[in-house]
Amino acid sequence: MPEDPPEPSRRSDTVWSRLRRSRPAMIGLGLVVLFIALAVLAPVFSAITGNSPYAYNPDLLGPDTSPAGHLGGVSPQHWFGVEPRTGRDLFAIVSYGAQVSLLIGLAATVVSVAVGVAVGLVAGFYGGIADRLLSRLTDIIFGFPFLIFAIALSATVPASFPRPLLLILVIGLFGWPSIARVIRSETLSLRERGFVRAAAAQGTGSGRIIVREIAPNILATVIVFTTVSIPGKIGAEAALSFLGVGVNPPTPSWGRSISDAISWVQVDPMYLIVPGMALFLVTLGFNMFGDGLRDALDPAEHGNENAAAADPMSAGGQS
Amino acid sequence: MNRAKFIASRTIGAILVLLIIAAACFAIFYLMPSNPAQYSCGKPCSSDRLAEVERYLGVDQAWWKQLFDFLGGIVTGRTFGSGAAAIHCDAPCFGYSFRLRESVTDLIVSRLPITLSLTLGAAVLWAVGGIAAGLITSLRRGTFTDSAVMGAAITGISAPTYLLGLLGVLLFGFTLNVLPIGGYIPLTENPAMWAFHLILPWVVLAIANGAIYARLTRGQMLEVLGQDYIRTARAKGLSETVVIGKHGLRNLVVPLTTLFAIDVGGLLGGAVITEKVFALGGVGTLLLEAVSSLDIQVIVGVTLFAAAIVIIANLLADLSYSLLDPRIRASR
């Protein structure tokens, strides 16, 4: 699954084999693949079962408009039961909800990684006033009350602005400071290394040094950070939808389903548990895989304690 | 740089950042919408009322004058309108809700005890619990305890607080019926009931947030324990308590303070979610109510208030480093 770093194949082999040996990482990868498949195949499942996430089925509800039957109305047609009040198929809602979650989560991650890497590279490589300004900006954004601001913004942005795009931008543009800090500190130390100074001494331009000499050396960090920051972005979309300022109904969203489930939790707990578990498992999957990837790409962390202490980079990220 | 100068420069820096954020909020929320008065009027909004709010806000004035009034209000207070109908808003004036006919500062202050009870109680619980869990696992590395606690930690990180909260409500509130499912009893009214009603929210927030402390503490401790001076301390025959407590833990003070400052700053954001789950009418609920009734004065006020908390928490953390870390003290 992970993109092979453009280094001699022996190294990526060892990364992959180290990853293979980590059971949590493989379970995480399995969960991630499962949910990606669920999202991609949502229309296929929908065609097989004949259930659309928008179709109301009032005939499946009891007199109190909670699902009739056991476990929230689980049946051969409705694998996860149906939604209370509307009778919409919960499996269709979860699988189409996976599309929304993953799309917004991944796109927001791309935005934040792109901004974070750019800011970190420029601040670390050029130093001076650029570094001071960018580091200050990083500090401000890092400490900014993101959730509050996102709520405020989604309340005031005109309804004509596409919601998913707004969420991607808001989540992405607030999520970059941690990666910017790490990339900055890595660039700072790379800048002083022999091969970079040699390139500079040969008259290589700054842009070329960044692309040719520095970028390949921060690739592993970028891959790890991308992976470990995905679950946070997915969680942010779900949290905003939970608070009623995420994607608009009737577009399925796990966060909104969980929020709707508050008033049904006593009568129909399955309505909470099904989308809740989906959100939990996809987050857990990315976290476990990300942890494993970090250990696999950074063997010092994983080796004996002395090796970890000798690694100057492991302390660099904290400052 | 001596300490007084250092404190002064950091404090001025923090105030500047707050003013920049206030100006940015003003630009985004008062200049971008076609008619900010519409957003300040609440729902429903009659045309008479809209005209009244427009007069109060002075939307026809130049943008820099409005910005000056807005920033000036935070520092010295401001008066909306003039003559007999004037509304005065004391400093720090974060805005005035024409819908609720109350200053946003007063609204926040009246809701604050609930939010503080919720978040500070939980923060103590998660910091202590998380650090303890991290310490224990770092000392028992590779054992069953280690993998069990770290497994629990990644679960805690992955589960959203509202999901944990709702499952807690379902299990302890409805199924077992041993804990209240929400609501708030003021501390001054009945301390025992106050705590009883907050147990579930505290534990839920602690599980979700303590996991990060456990992981950070464990990682840092493992790194520290591999250092030469720890070996030296042990070789000198110091007791394990002194080695861990005095030579080991000391290294964690700065990263943990940083993390705690970030968390305290973010408490309000988390409170929005927790207050919704447990039906607590704190500052977070105030914000959500303002969103659904489109009361931008309250929305901007709460945003600024949250930003101020973040900046103050970071400032205090910054200042405390120079006390906590002798290396930083020496280099300044």
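Let us look at the structure shown here. (Residues numbered from 1 in each chain as written. Chains lettered and ligands numbered in written order. Predicted model: local features only at pLDDT ≥ 70, side-chain atom pairs only at ≥ 80, totals over all residues. Heavy atoms only, no water.)

1. Remarks on the overall build of chain A
Right, on to step 1. Within chain A, the regular secondary structure consists of 15 helices and 0 strands.
Right, on to step 2. Split into buried and exposed, the 319 residues of chain A put 52% on the buried side.
Right, on to step 3. Across chain A, contacts joining residues at least 24 apart in sequence account for 71% of those joining residues at least 6 apart.
Right, on to step 4. Looking at chain A as shown, the accessible area adds up to about 14,300 Å², and 63% of this sits on carbon and sulfur atoms. (Helix = DSSP H or I, 4+ residues; strand = E, 2+ residues; numbered from the N terminus. Buried < 20%, exposed > 50% of the residue type's maximum accessible area, 1.4 Å probe, protein only. Contact = heavy atoms within 4.5 Å. Areas by Shrake-Rupley, 256 points an atom, 1.4 Å probe, with all protein chains shown as cover.)

2. Some words on the interface of chain A and chain B
Right, on to step 1. In this complex, chain A contributes 47 residues to the contact, which on the side of chain B involves 47 residues.
Right, on to step 2. Interface area for chain A against chain B, summed over the two sides, is near 3,900 Å², with a carbon-plus-sulfur share of 76%.
Right, on to step 3. At the junction of chain A and chain B, the tally comes to 1 salt bridge.
Right, on to step 4. Asp291 of chain A is the partner of Arg215 of chain B in a salt bridge, and the nearest nitrogen-oxygen pair spans 2.9 Å.
Right, on to step 5. Taken together, chain A and chain B are joined by 5 residue pairs in polar contact (both at pLDDT 80 or more).
Right, on to step 6. Per-element tally for the side of chain A that touches chain B: the top contributor is helix 12 (residues 270–297) of chain A, with 12 residues.
Right, on to step 7. For the side of chain A that touches chain B, the residue count by class is 30 nonpolar, 12 polar and 5 charged. (Buried area = accessible area lost by both parts, 1.4 Å probe. Salt bridge = Lys/Arg side-chain N within 4 Å of Asp/Glu carboxyl O. Polar contact = N/O pair within 3.5 Å; in protein donor to acceptor, adjacent residues only side chain to side chain. Nonpolar A, V, L, I, M, F, W, Y, C, P; charged D, E, K, R; others polar.)

3. Thoughts on the nonpolar core
Right, on to step 1. Core analysis: the largest hydrophobic core is formed by 142 residues, its most contacted members being Ile151 and Leu243 of chain A together with Ile21, Phe70, Trp126, Tyr162 and Leu304 of chain B.
Right, on to step 2. Not counting the four nearest positions on each side in its chain, Leu304 of chain B is found in contact with Leu18, Ile21, Ala22, Cys25, Phe70, Ile74 and Phe94 of chain B.
Right, on to step 3. Formed by 14 residues, the second largest nonpolar core is a distinct cluster that contains Ile183, Leu190, Ala199 and Val222 of chain A. (Core = buried A, V, L, I, M, F, W, Y, C linked by side-chain atoms within 4.5 Å.)

4. Observations concerning the side chain of Glu275 of chain B
Residues and elements named next belong to chain B.
Right, on to step 1. The residue Glu275 is located in helix 11 (residues 253–277) in this model.
Right, on to step 2. No salt bridge is formed by the buried Glu275; the nearest opposite charge belongs to Arg111, separated by 6.5 Å.
Right, on to step 3. At 3.3 Å, the side chain of Glu275 forms a polar contact with the backbone nitrogen of Gly282.
Right, on to step 4. Here the side chain of Glu275 touches Thr285 through a polar contact of 2.8 Å, landing on its backbone nitrogen.
Right, on to step 5. Discounting chain neighbours no more than four positions away, the residues touching Glu275 are Thr115, Leu118, Leu280, Gly281, Gly282, Val283, Gly284 and Thr285. (Lys, Arg positive; Asp, Glu negative; His and termini not counted.)

5. Things to note about empty space enclosed by the protein
Right, on to step 1. Counting across every chain of the model gives 3 cavities of 30 Å³ or more.
Right, on to step 2. Computed from the structure, the largest cavity encloses a volume of approximately 140 Å³.
Right, on to step 3. In terms of lining, the largest cavity is formed by Phe26, Tyr30, Leu57, Val59, Gln66, Phe70, Arg78, Phe80, Cys93, Phe94, Gly95 and Gln297 of chain B.
Right, on to step 4. Every element with two or more residues in the lining of the largest cavity is listed here: helix 1 (3–31), helix 4 (63–76) and strand 1 (78–80) of chain B.
Right, on to step 5. Taken as a whole, the second largest cavity holds about 40 Å³ of empty space.
Right, on to step 6. Every residue lining the second largest cavity is listed: Glu83, Arg88, Ile93, Pro250, Thr251, Pro252, Ser253, Arg256, Ser257 and Asp260 of chain A.
Right, on to step 7. Residues belonging to the lining of the second largest cavity are distributed by class as follows: 3 nonpolar, 3 polar and 4 charged. (1 Å grid on protein atoms, 1.4 Å probe; cavity = no way out; pocket = protein on both sides within 12 Å on 5 of 7 lines; lining within 4 Å. Points joined across faces, edges and corners; volume = space filled by probe spheres on them.)

6. Considering the environment of Glu192 of chain A
Right, on to step 1. You can see Glu192 of chain A is positioned in the loop between helix 8 (177–191) and helix 9 (194–201).
Right, on to step 2. Residue classification places Glu192 of chain A among the partly exposed residues on the basis of a relative accessible area of 45%.

7. Comments concerning helix 8 of chain A
Right, on to step 1. Here helix 8 of chain A spans 21 Å end to end across 15 residues, near enough to the 21 Å set by a 1.5 Å rise per residue.
Right, on to step 2. All of the buried residues along helix 8 of chain A are Pro177, Ile179, Ala180, Val182, Ile183, Ser185, Glu186, Thr187 and Leu190 of chain A. (Expected span 1.5 Å × (residues − 1).)

8. Overview of the packing of aromatic side chains
Residues and elements named next belong to chain A.
Right, on to step 1. Summed over all chains, the structure comprises 9 aromatic pairs over all chains.
Right, on to step 2. Here the aromatic rings of Phe35 and Trp254 are separated by 5.9 Å at their centres, their planes lie at 70°, and the arrangement is edge-to-face. Of this pair, Phe35 sits in helix 2 (residues 23–40) while Trp254 sits in helix 11 (residues 254–261); the two residues are 219 residues apart in sequence, bridging distant segments of the chain.
Right, on to step 3. For Phe35, a relative accessible area of 6% gives the class buried.
Right, on to step 4. Residue Trp254 is classed as buried on the basis of its relative accessible area, which comes to 1%. (Phe/Tyr/Trp six-rings, centres within 6.5 Å; stacked < 30°, edge-to-face > 60°.)

9. Overview of the environment of Ile157 of chain B
Right, on to step 1. Its location among the elements puts Ile157 of chain B in helix 6 (residues 144–158).
Right, on to step 2. Counting along the chain gives 51 residues from Ile157 of chain B to Ala208 of chain B, while the straight-line C-alpha distance between them is 5.6 Å.
Right, on to step 3. Ignoring sequence-local partners within four residues, the contact set of Ile157 of chain B consists of Asn287 of chain A together with Ala211, Ile212 and Arg215 of chain B.

10. A few points about a nonpolar patch on the surface
Residues and elements named next belong to chain A.
Right, on to step 1. Nonpolar side chains collect at one region of the surface, where Ile36, Val40, Leu41, Val44, Ile48, Trp79 and Phe80 lie side by side and expose about 610 Å² of accessible area between them.
Right, on to step 2. When contributions to the nonpolar patch are tallied by element, the ones reaching two or more residues are helix 2 and helix 3 (42–49).
Right, on to step 3. Topologically, Val44 is positioned in helix 3.
Right, on to step 4. Judged by relative accessible area, which is 43%, Val44 ranks as partly exposed. (Patch = residues over 30% accessible without salt bridge, like charges linked within 9 Å, V, L, I, M, F, W, Y side chains within 5 Å.)

11. Points about unusual backbone geometry
Right, on to step 1. Between Pro249 of chain A and the following residue, Pro250 of chain A, the backbone shows a cis peptide bond with an omega angle of 5°.
Right, on to step 2. For Pro250 of chain A, the location among the structural elements is in the loop between helix 10 (206–242) and helix 11.
Right, on to step 3. One non-glycine residue with positive phi stands out, namely Arg101 of chain B, at about 55°.
Right, on to step 4. One can find Arg101 of chain B in the loop between strand 3 (96–97) and strand 4 (102–103).

12. Considerations on the state of the cysteines
Residue and element names in this part refer to chain B.
Right, on to step 1. Evaluation of the coordinates by the stated rule reveals 1 disulfide over all chains.
Right, on to step 2. Paired by a disulfide, Cys89 and Cys93 hold their sulfur atoms 2.2 Å apart. The chirality of the disulfide connecting Cys89 with Cys93 is right-handed, given an S-S dihedral of about 105°.
Right, on to step 3. Just so you know, Cys25 is unpaired, no disulfide at all, and the nearest cysteine sulfur is the one on Cys93, 14 Å from it.
Right, on to step 4. Accessibility expressed as a relative area gives 1% for Cys25, which makes it buried. (Disulfide = S-S within 2.5 Å.)

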